[in-house]
Amino acid sequence: MSPPPLILGSMRFGEWGARLAPAEVARLLAAALELGIDTLDLADIYGGHTTTALIGAALAHDPGLRPRLHLIAKLGIVLPTSPGNPRGVQHYDLSPAHLAPAFEQTLRDLGSDSVGTLMLHRFDPRLAPAALADWVTKERGRGRLQAFGVSNFPAPALTLVHAHLPVAAHQIELSAAASAALEDGSHAASRALGAEVQAWSPLDGGALLADEARGPALDALAAEAGLDRASLLLRWVASLPGTRVVLGSTRPERLAAAVRAVERPLPADLWYAVWQVARGRPVP
Ligand SMILES: NC(=O)c1ccc[n+]([C@@H]2O[C@H](COP(=O)([O-])OP(=O)(O)OC[C@H]3O[C@@H](n4cnc5c(N)ncnc54)[C@H](OP(=O)(O)O)[C@@H]3O)[C@@H](O)[C@H]2O)c1
(Lines give C-alpha, C1' and ligand atoms only; values in the text may rest on other atoms or scores of the structure.)
Protein backbone atom coordinates (compact mmCIF):
# COMPACT_ATOMS: atom_id res chain seq x y z
CA MET A 1 0.00 0.00 0.00
CA SER A 2 1.36 3.48 -0.83
CA PRO A 3 2.03 5.81 2.11
CA PRO A 4 -0.59 8.51 2.83
CA PRO A 5 0.13 11.85 1.08
CA LEU A 6 0.86 13.51 4.43
CA ILE A 7 3.84 15.23 6.03
CA LEU A 8 3.89 16.09 9.73
CA GLY A 9 4.78 19.74 10.41
CA SER A 10 6.71 20.71 13.55
CA MET A 11 6.04 24.47 13.66
CA ARG A 12 3.64 24.17 16.60
CA PHE A 13 5.47 21.45 18.58
CA GLY A 14 7.41 23.80 20.85
CA GLU A 15 7.41 27.44 21.88
CA TRP A 16 5.23 28.52 18.94
CA GLY A 17 2.42 26.21 20.04
CA ALA A 18 1.86 23.13 22.16
CA ARG A 19 5.13 23.27 24.16
CA LEU A 20 5.45 19.48 24.02
CA ALA A 21 8.09 17.71 26.08
CA PRO A 22 10.64 15.59 24.16
CA ALA A 23 8.85 12.38 25.22
CA GLU A 24 5.56 13.77 23.88
CA VAL A 25 7.19 14.68 20.56
CA ALA A 26 8.61 11.15 20.42
CA ARG A 27 5.12 9.70 20.99
CA LEU A 28 3.69 11.90 18.22
CA LEU A 29 6.43 10.83 15.78
CA ALA A 30 5.93 7.17 16.68
CA ALA A 31 2.18 7.52 16.06
CA ALA A 32 2.86 9.16 12.69
CA LEU A 33 5.27 6.40 11.66
CA GLU A 34 2.74 3.74 12.67
CA LEU A 35 0.32 5.32 10.19
CA GLY A 36 2.91 5.48 7.40
CA ILE A 37 3.67 9.21 7.78
CA ASP A 38 7.47 9.15 7.64
CA THR A 39 8.27 12.76 6.69
CA LEU A 40 8.76 15.52 9.26
CA ASP A 41 8.94 19.19 8.29
CA LEU A 42 11.31 21.45 10.26
CA ALA A 43 12.73 24.95 10.02
CA ASP A 44 15.60 26.46 11.95
CA ILE A 45 13.46 29.45 13.02
CA TYR A 46 10.58 27.43 14.55
CA GLY A 47 10.06 28.18 18.21
CA GLY A 48 12.54 31.06 17.87
CA HIS A 49 15.36 28.63 16.98
CA THR A 50 14.38 26.13 19.71
CA THR A 51 12.17 23.53 18.01
CA THR A 52 14.90 21.69 16.07
CA ALA A 53 16.71 21.00 19.37
CA LEU A 54 13.40 19.81 20.87
CA ILE A 55 13.10 17.33 18.01
CA GLY A 56 16.72 16.32 18.53
CA ALA A 57 15.88 15.60 22.17
CA ALA A 58 12.87 13.52 21.07
CA LEU A 59 15.06 11.52 18.67
CA ALA A 60 17.56 10.93 21.47
CA HIS A 61 14.69 9.85 23.76
CA ASP A 62 13.61 7.16 21.26
CA PRO A 63 16.61 6.26 19.06
CA GLY A 64 14.47 3.90 16.96
CA LEU A 65 12.73 6.87 15.33
CA ARG A 66 15.56 8.61 13.45
CA PRO A 67 16.35 5.91 10.86
CA ARG A 68 12.68 5.71 9.89
CA LEU A 69 12.20 9.45 9.33
CA HIS A 70 12.77 11.66 6.28
CA LEU A 71 13.55 15.13 7.68
CA ILE A 72 12.91 18.32 5.70
CA ALA A 73 15.15 21.13 7.02
CA LYS A 74 14.16 24.63 5.93
CA LEU A 75 16.72 27.44 6.16
CA GLY A 76 17.05 31.00 4.91
CA ILE A 77 14.77 33.21 7.05
CA VAL A 78 16.46 35.52 9.55
CA LEU A 79 14.10 36.73 12.27
CA PRO A 80 14.53 40.06 14.09
CA THR A 81 15.55 37.98 17.12
CA SER A 82 17.76 35.46 15.27
CA PRO A 83 21.36 35.21 16.49
CA GLY A 84 23.83 37.30 14.46
CA ASN A 85 21.21 39.84 13.34
CA PRO A 86 22.31 43.03 15.15
CA ARG A 87 20.06 45.35 13.13
CA GLY A 88 17.03 43.24 14.07
CA VAL A 89 15.53 43.43 10.56
CA GLN A 90 13.54 40.41 9.38
CA HIS A 91 15.17 39.26 6.14
CA TYR A 92 16.03 36.31 3.90
CA ASP A 93 19.53 35.06 3.14
CA LEU A 94 20.13 32.19 0.72
CA SER A 95 23.89 32.72 0.37
CA PRO A 96 26.18 29.81 1.27
CA ALA A 97 27.74 32.17 3.86
CA HIS A 98 24.44 32.12 5.74
CA LEU A 99 23.21 28.62 4.83
CA ALA A 100 26.40 26.73 5.72
CA PRO A 101 26.51 27.67 9.44
CA ALA A 102 22.71 27.43 9.69
CA PHE A 103 22.87 23.88 8.30
CA GLU A 104 25.65 22.95 10.76
CA GLN A 105 23.48 24.25 13.61
CA THR A 106 20.48 22.24 12.40
CA LEU A 107 22.53 19.03 12.26
CA ARG A 108 23.94 19.74 15.74
CA ASP A 109 20.45 20.43 17.14
CA LEU A 110 19.13 17.21 15.60
CA GLY A 111 22.13 15.18 16.73
CA SER A 112 22.23 13.84 13.19
CA ASP A 113 24.76 13.87 10.35
CA SER A 114 22.28 14.35 7.50
CA VAL A 115 18.76 15.37 6.51
CA GLY A 116 16.46 14.05 3.80
CA THR A 117 15.61 17.36 2.11
CA LEU A 118 17.34 20.71 2.47
CA MET A 119 14.80 23.43 1.63
CA LEU A 120 15.07 27.19 1.11
CA HIS A 121 12.34 28.73 3.26
CA ARG A 122 11.55 31.91 1.28
CA PHE A 123 12.71 33.46 -2.00
CA ASP A 124 15.48 36.05 -1.63
CA PRO A 125 15.64 38.30 -4.72
CA ARG A 126 19.42 38.54 -4.19
CA LEU A 127 19.75 34.76 -4.75
CA ALA A 128 22.83 33.70 -6.74
CA PRO A 129 21.74 30.31 -8.13
CA ALA A 130 25.15 29.13 -9.37
CA ALA A 131 26.82 29.68 -5.96
CA LEU A 132 23.86 28.01 -4.27
CA ALA A 133 24.04 25.03 -6.63
CA ASP A 134 27.79 24.61 -5.92
CA TRP A 135 27.23 24.54 -2.18
CA VAL A 136 24.22 22.19 -2.30
CA THR A 137 26.02 19.83 -4.70
CA LYS A 138 29.02 19.67 -2.34
CA GLU A 139 26.80 18.94 0.67
CA ARG A 140 24.98 16.25 -1.29
CA GLY A 141 28.33 14.76 -2.28
CA ARG A 142 29.24 14.61 1.42
CA GLY A 143 26.03 12.63 2.01
CA ARG A 144 24.53 15.34 4.23
CA LEU A 145 21.33 15.73 2.20
CA GLN A 146 19.45 13.57 -0.28
CA ALA A 147 17.18 16.10 -2.00
CA PHE A 148 16.84 19.85 -2.50
CA GLY A 149 13.64 21.89 -2.32
CA VAL A 150 12.28 25.41 -2.00
CA SER A 151 9.34 27.06 -0.30
CA ASN A 152 7.17 30.08 -1.11
CA PHE A 153 8.93 30.73 -4.43
CA PRO A 154 7.08 32.65 -7.16
CA ALA A 155 6.86 30.52 -10.34
CA PRO A 156 9.64 32.38 -12.23
CA ALA A 157 11.97 32.08 -9.22
CA LEU A 158 11.34 28.33 -9.23
CA THR A 159 12.44 28.18 -12.87
CA LEU A 160 15.52 30.31 -12.08
CA VAL A 161 16.74 27.88 -9.42
CA HIS A 162 15.69 24.74 -11.27
CA ALA A 163 17.93 25.72 -14.20
CA HIS A 164 20.93 25.25 -11.85
CA LEU A 165 19.68 22.67 -9.39
CA PRO A 166 16.77 20.25 -9.77
CA VAL A 167 13.99 21.17 -7.33
CA ALA A 168 12.47 18.00 -5.85
CA ALA A 169 9.80 19.71 -3.74
CA HIS A 170 8.08 23.07 -3.42
CA GLN A 171 6.33 23.91 -0.15
CA ILE A 172 3.55 26.49 -0.54
CA GLU A 173 0.64 27.84 1.47
CA LEU A 174 -2.45 26.01 0.31
CA SER A 175 -5.87 25.55 1.83
CA ALA A 176 -9.39 26.07 0.47
CA ALA A 177 -9.24 29.57 2.02
CA ALA A 178 -5.63 30.50 1.13
CA SER A 179 -5.40 29.26 -2.43
CA ALA A 180 -3.43 31.98 -4.27
CA ALA A 181 -0.89 29.34 -5.39
CA LEU A 182 -3.56 27.75 -7.58
CA GLU A 183 -4.19 30.99 -9.44
CA ASP A 184 -0.76 32.66 -9.50
CA GLY A 185 0.84 29.70 -11.29
CA SER A 186 3.14 28.45 -8.51
CA HIS A 187 1.27 25.14 -8.03
CA ALA A 188 1.17 24.44 -11.78
CA ALA A 189 4.82 25.54 -12.25
CA SER A 190 5.94 23.07 -9.56
CA ARG A 191 4.11 20.24 -11.29
CA ALA A 192 5.53 21.26 -14.66
CA LEU A 193 9.08 20.89 -13.23
CA GLY A 194 8.24 17.54 -11.63
CA ALA A 195 8.57 18.99 -8.11
CA GLU A 196 6.30 17.55 -5.45
CA VAL A 197 3.95 20.21 -4.05
CA GLN A 198 3.87 20.29 -0.24
CA ALA A 199 0.82 22.23 0.98
CA TRP A 200 1.38 24.04 4.27
CA SER A 201 -1.42 25.18 6.62
CA PRO A 202 -4.05 22.96 4.92
CA LEU A 203 -6.57 24.00 7.60
CA ASP A 204 -5.49 27.64 7.31
CA GLY A 205 -3.65 27.14 10.59
CA GLY A 206 -6.90 25.96 12.25
CA ALA A 207 -8.73 29.21 11.34
CA LEU A 208 -11.15 27.43 8.99
CA LEU A 209 -12.21 25.19 11.87
CA ALA A 210 -13.02 28.15 14.13
CA ASP A 211 -14.74 30.21 11.40
CA GLU A 212 -18.35 30.90 12.36
CA ALA A 213 -19.36 32.64 9.13
CA ARG A 214 -18.32 29.86 6.74
CA GLY A 215 -18.70 27.02 9.27
CA PRO A 216 -22.33 25.96 8.67
CA ALA A 217 -21.90 25.80 4.87
CA LEU A 218 -18.65 23.85 5.21
CA ASP A 219 -20.24 21.48 7.71
CA ALA A 220 -23.16 20.84 5.34
CA LEU A 221 -20.74 19.95 2.53
CA ALA A 222 -18.73 17.78 4.94
CA ALA A 223 -21.89 15.89 5.95
CA GLU A 224 -22.62 15.24 2.25
CA ALA A 225 -19.23 13.52 2.00
CA GLY A 226 -19.67 11.70 5.33
CA LEU A 227 -16.75 13.67 6.84
CA ASP A 228 -16.14 16.22 9.56
CA ARG A 229 -15.02 19.74 8.59
CA ALA A 230 -11.30 19.15 9.16
CA SER A 231 -11.34 15.95 7.08
CA LEU A 232 -13.24 17.67 4.27
CA LEU A 233 -10.64 20.46 4.15
CA LEU A 234 -7.72 18.01 4.17
CA ARG A 235 -9.36 15.95 1.42
CA TRP A 236 -9.83 19.17 -0.57
CA VAL A 237 -6.07 19.82 -0.56
CA ALA A 238 -5.12 16.19 -1.15
CA SER A 239 -7.43 16.09 -4.18
CA LEU A 240 -4.86 18.20 -6.06
CA PRO A 241 -2.50 16.07 -8.17
CA GLY A 242 1.14 15.82 -7.10
CA THR A 243 0.42 17.36 -3.71
CA ARG A 244 1.28 16.22 -0.19
CA VAL A 245 -0.44 17.82 2.80
CA VAL A 246 1.77 19.30 5.57
CA LEU A 247 -0.41 18.81 8.64
CA GLY A 248 0.22 20.98 11.70
CA SER A 249 -1.50 18.97 14.44
CA THR A 250 0.40 18.23 17.64
CA ARG A 251 -2.03 15.49 18.77
CA PRO A 252 -1.45 11.82 17.96
CA GLU A 253 -5.20 11.11 18.08
CA ARG A 254 -5.81 13.42 15.10
CA LEU A 255 -3.39 11.71 12.75
CA ALA A 256 -5.49 8.62 11.96
CA ALA A 257 -8.44 10.81 10.93
CA ALA A 258 -6.11 12.79 8.65
CA VAL A 259 -4.90 9.60 6.99
CA ARG A 260 -8.51 8.54 6.31
CA ALA A 261 -9.31 12.04 5.03
CA VAL A 262 -6.64 12.00 2.32
CA GLU A 263 -7.41 8.47 1.09
CA ARG A 264 -9.37 9.62 -1.96
CA PRO A 265 -10.18 12.82 -3.89
CA LEU A 266 -13.41 14.80 -3.70
CA PRO A 267 -15.72 14.72 -6.74
CA ALA A 268 -15.27 17.82 -8.94
CA ASP A 269 -18.54 19.56 -8.06
CA LEU A 270 -18.02 19.13 -4.32
CA TRP A 271 -14.38 20.29 -4.61
CA TYR A 272 -15.50 23.51 -6.30
CA ALA A 273 -18.38 23.97 -3.82
CA VAL A 274 -15.90 23.82 -0.91
CA TRP A 275 -13.55 26.25 -2.65
CA GLN A 276 -16.42 28.67 -3.34
CA VAL A 277 -17.49 28.72 0.33
CA ALA A 278 -13.94 28.96 1.72
CA ARG A 279 -12.76 31.73 -0.61
CA GLY A 280 -16.08 33.55 -0.51
CA ARG A 281 -16.80 33.72 -4.24
CA PRO A 282 -17.37 31.39 -7.18
CA VAL A 283 -14.69 30.81 -9.81
CA PRO A 284 -15.19 33.04 -12.88
N1 LIG B 1 7.03 26.69 4.37
C2 LIG B 1 6.45 27.61 5.11
O3 LIG B 1 6.65 28.83 4.95
C4 LIG B 1 5.52 27.18 6.20
C5 LIG B 1 4.71 28.13 6.85
C6 LIG B 1 3.84 27.70 7.85
C7 LIG B 1 3.79 26.33 8.17
N8 LIG B 1 4.60 25.45 7.53
C9 LIG B 1 4.58 24.00 7.86
O10 LIG B 1 3.24 23.55 7.74
C11 LIG B 1 2.87 22.89 8.94
C12 LIG B 1 1.39 23.00 9.12
O13 LIG B 1 1.02 24.35 9.31
P14 LIG B 1 -0.14 24.72 10.32
O15 LIG B 1 0.16 24.22 11.68
O16 LIG B 1 -0.45 26.16 10.15
O17 LIG B 1 -1.30 23.80 9.65
P18 LIG B 1 -2.77 23.39 9.84
O19 LIG B 1 -2.75 21.90 9.74
O20 LIG B 1 -3.58 24.19 8.87
O21 LIG B 1 -3.23 23.83 11.32
C22 LIG B 1 -2.86 23.11 12.43
C23 LIG B 1 -3.64 23.67 13.61
O24 LIG B 1 -5.01 23.24 13.50
C25 LIG B 1 -5.39 22.66 14.74
N26 LIG B 1 -6.45 21.66 14.57
C27 LIG B 1 -7.69 21.75 15.13
N28 LIG B 1 -8.44 20.69 14.78
C29 LIG B 1 -7.67 19.89 14.01
C30 LIG B 1 -7.90 18.66 13.37
N31 LIG B 1 -9.07 18.02 13.44
N32 LIG B 1 -6.90 18.10 12.66
C33 LIG B 1 -5.71 18.74 12.57
N34 LIG B 1 -5.43 19.92 13.17
C35 LIG B 1 -6.40 20.50 13.88
C36 LIG B 1 -4.13 22.06 15.30
O37 LIG B 1 -4.27 21.92 16.70
P38 LIG B 1 -3.78 20.59 17.48
O39 LIG B 1 -2.30 20.68 17.54
O40 LIG B 1 -4.43 20.75 18.81
O41 LIG B 1 -4.28 19.40 16.71
C42 LIG B 1 -3.10 23.14 14.92
O43 LIG B 1 -3.12 24.20 15.86
C44 LIG B 1 3.73 23.54 10.02
O45 LIG B 1 3.89 22.73 11.16
C46 LIG B 1 5.03 23.73 9.28
O47 LIG B 1 5.78 22.52 9.31
C48 LIG B 1 5.45 25.84 6.54
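What comes next is a walk through the structure. Every chain is numbered on its own, with residues counted from 1 as its sequence reads. Totals for whole chains, interfaces and linings use every residue, but because this is a predicted model, local features are given only for residues with pLDDT of at least 70 and side-chain atom pairs only at 80 or more, for both listing and counting. As a rule here, side-chain values cover all heavy atoms of the structure and leave hydrogens and water aside.

## Comments concerning the pattern of salt bridges
- Salt bridge, as applied in this entry: a Lys or Arg side-chain nitrogen positioned within 4 Å of an Asp or Glu carboxyl oxygen. Taken as a whole and judged by the stated rule, the model has eleven salt bridges.
- One salt bridge connects Glu 104 with Arg 144, and the closest N-O pair in it is separated by 2.6 Å. A residue pair is termed long-range when its members are at least 10 positions apart, and Glu 104 in helix α4 (residues 96–110) and Arg 144 in the loop between α5 (129–141) and β7 (145–151) qualify at 40 residues. What counts as a helix is a DSSP run of H or I of at least four residues, what counts as a strand is a run of E of at least two, and both are numbered from the N terminus.

## Side note on the site of the ligand
- Throughout, near means a residue has at least one heavy atom within 4 Å of the molecule or strand. Within the structure, the ligand sits among 27 residues, and Arg 12, Asp 41, Ser 201, Ser 249 and Arg 254 are positioned closest to it.
- Under the rule applied, a polar contact is a pair of N or O atoms within 3.5 Å (in protein, one hydrogen donor and one hydrogen acceptor; residues adjacent in sequence only if both atoms are side-chain atoms). Between Gly 205 and the ligand, the recorded distance is 2.9 Å, taken from a backbone N or O atom to an oxygen atom.
- Between the ligand and the protein, one listed contact pairs an oxygen atom with a side-chain N or O atom of Arg 254 at 2.6 Å.
- For every accessible area listed, the method is Shrake-Rupley and the probe measures 1.4 Å; residues are considered covered only by the protein chains on display. Relative to its free-state accessible area of 900 Å², the ligand is covered by the protein chains to the extent of 88%.
- The residue classification treats Ala, Val, Leu, Ile, Met, Phe, Trp, Tyr, Cys and Pro as nonpolar and Asp, Glu, Lys and Arg as charged. All others, Gly included, are polar. Its residues placed into classes, the shell around the ligand shows nine nonpolar, twelve polar and six charged.

## Focus: the pairing of strand β9 (residues 196–200)
- The sheet contact formed by strand β8 (residues 169–173) and β9 spans five bridges and is parallel. The residue bridging His 170 from the neighbouring strand is Val 197, located in β9. Any two strands are treated as partners once DSSP identifies two or more bridges connecting them.

## What about the pairing of β8?
- Exposure categories follow from relative accessible area, calculated using a 1.4 Å probe and restricted to protein chains: below 20% of the type maximum is buried, above 50% is exposed, and the middle band is partly exposed. Of all five residues in β8, four are buried; the element is thus mostly enclosed.
- Bridge count for β7 against β8 is three bridges, and the pairing is parallel. The residue bridging Gly 149 from the neighbouring strand is Ala 169, located in β8.
- The parallel pair β7 and β8 is bridged by helix α6 (residues 155–162), and the resulting crossover is right-handed. Call a crossover right-handed when, viewed with both strands pointing away from you, the route from the first strand across the helix to the second goes clockwise.

## Some thoughts on unusual backbone geometry
- The phi angle at His 49 is positive, at roughly 65°, despite the residue not being glycine.
- Assignment of secondary structure puts His 49 in helix α2 (residues 46–49).
- Residue classification places His 49 among the partly exposed positions, given a relative accessible area of 27%.
- Of note, Asp 204 is a non-glycine position whose phi angle comes to about 60°, a positive value.
- Looking at the secondary structure, you find Asp 204 in the loop between β9 and α9 (207–210).
- Residue Asp 204 is classed as partly exposed on the basis of its relative accessible area, which comes to 24%.

## Some points on the sheet that holds β7
- The strand order β1-β2-β3-β6-β7-β8-β9-β10 describes a closed barrel built from eight strands, whose pairing is parallel. The sheet shows a mean angle of 30° between the axes of neighbouring strands, direction not considered.
- Residues are treated as being in contact if the distance between any of their heavy atoms lies within 4.5 Å. Angles run from 0 to 180 degrees between N-to-C directions of axes, and those axes are lines fitted to C-alpha atoms, restricted for helices to the stretch in contact. Where helix α11 (residues 229–238) meets the sheet, it contacts β9 and β10 (243–247), and its direction lies at approximately 145° from that of β10.

## Focus on α5
- The end-to-end C-alpha distance of α5, which contains 13 residues, comes to 18 Å, matching closely the 18 Å that a straight helix rising 1.5 Å per residue would cover.
- Buried within α5 are the following residues: Pro 129, Leu 132, Ala 133, Trp 135, Val 136 and Glu 139. Buried residues in α5, looked at end-on, bunch into an arc of 165°, giving them a common side. For α5, the exposed residues lying more than 90 degrees away from the buried face are Lys 138 and Gly 141. Each residue after the first adds 1.5 Å to the expected span of a helix. Here the arc refers to the set of directions running from the helix axis out to each C-beta atom.

## Brief notes about the nonpolar core
- Membership of the largest hydrophobic core comes to 78 residues, with the highest contact counts inside it found for Phe 153 and Val 274.
- Excluding residues that lie within four positions of it along the chain, Val 274 makes contacts with Ala 176, Leu 218, Leu 221, Leu 232, Leu 233, Trp 236 and Leu 266. Residue types Ala, Val, Leu, Ile, Met, Phe, Trp, Tyr and Cys, when buried and joined through side-chain atoms within 4.5 Å, form a set referred to as a nonpolar core.

## Focus: helix α8 (residues 186–193)
- The complete set of buried residues in α8 reads Ser 186, His 187, Ala 189 and Ser 190. Along the axis of α8, the buried positions cluster into a sector of 165°, meaning they face one direction only.
- Among the structural elements, α6, β8, α7 (180–183), β9 and β10 are those in contact with the buried residues of α8.
- Following α8 by one or two positions, Gly 194 adopts a phi angle in the positive range, close to 80°.

## Describing the packing of aromatic side chains
- For Phe, Tyr and Trp, where Trp contributes only its six-membered ring, two rings pair if their centres lie within 6.5 Å, and the inter-plane angle classes them as stacked under 30 degrees, edge-to-face over 60, or tilted in between. Under the definition given, this model contains eight aromatic pairs.
- Geometrically, the ring pair formed by Phe 123 and Phe 153 is edge-to-face, given 5.1 Å between the ring centres and 65° between the ring planes. Of this pair, Phe 123 sits in the loop between β6 (115–120) and α5 while Phe 153 sits in the loop between β7 and α6, and the two are 30 residues apart along the sequence. An identical accessibility class is assigned to Phe 123 and Phe 153; each is buried.
- The interplanar angle of 50° and the centroid separation of 6.0 Å between the aromatic rings of Tyr 272 and Trp 275 together place this pair among those described as tilted.

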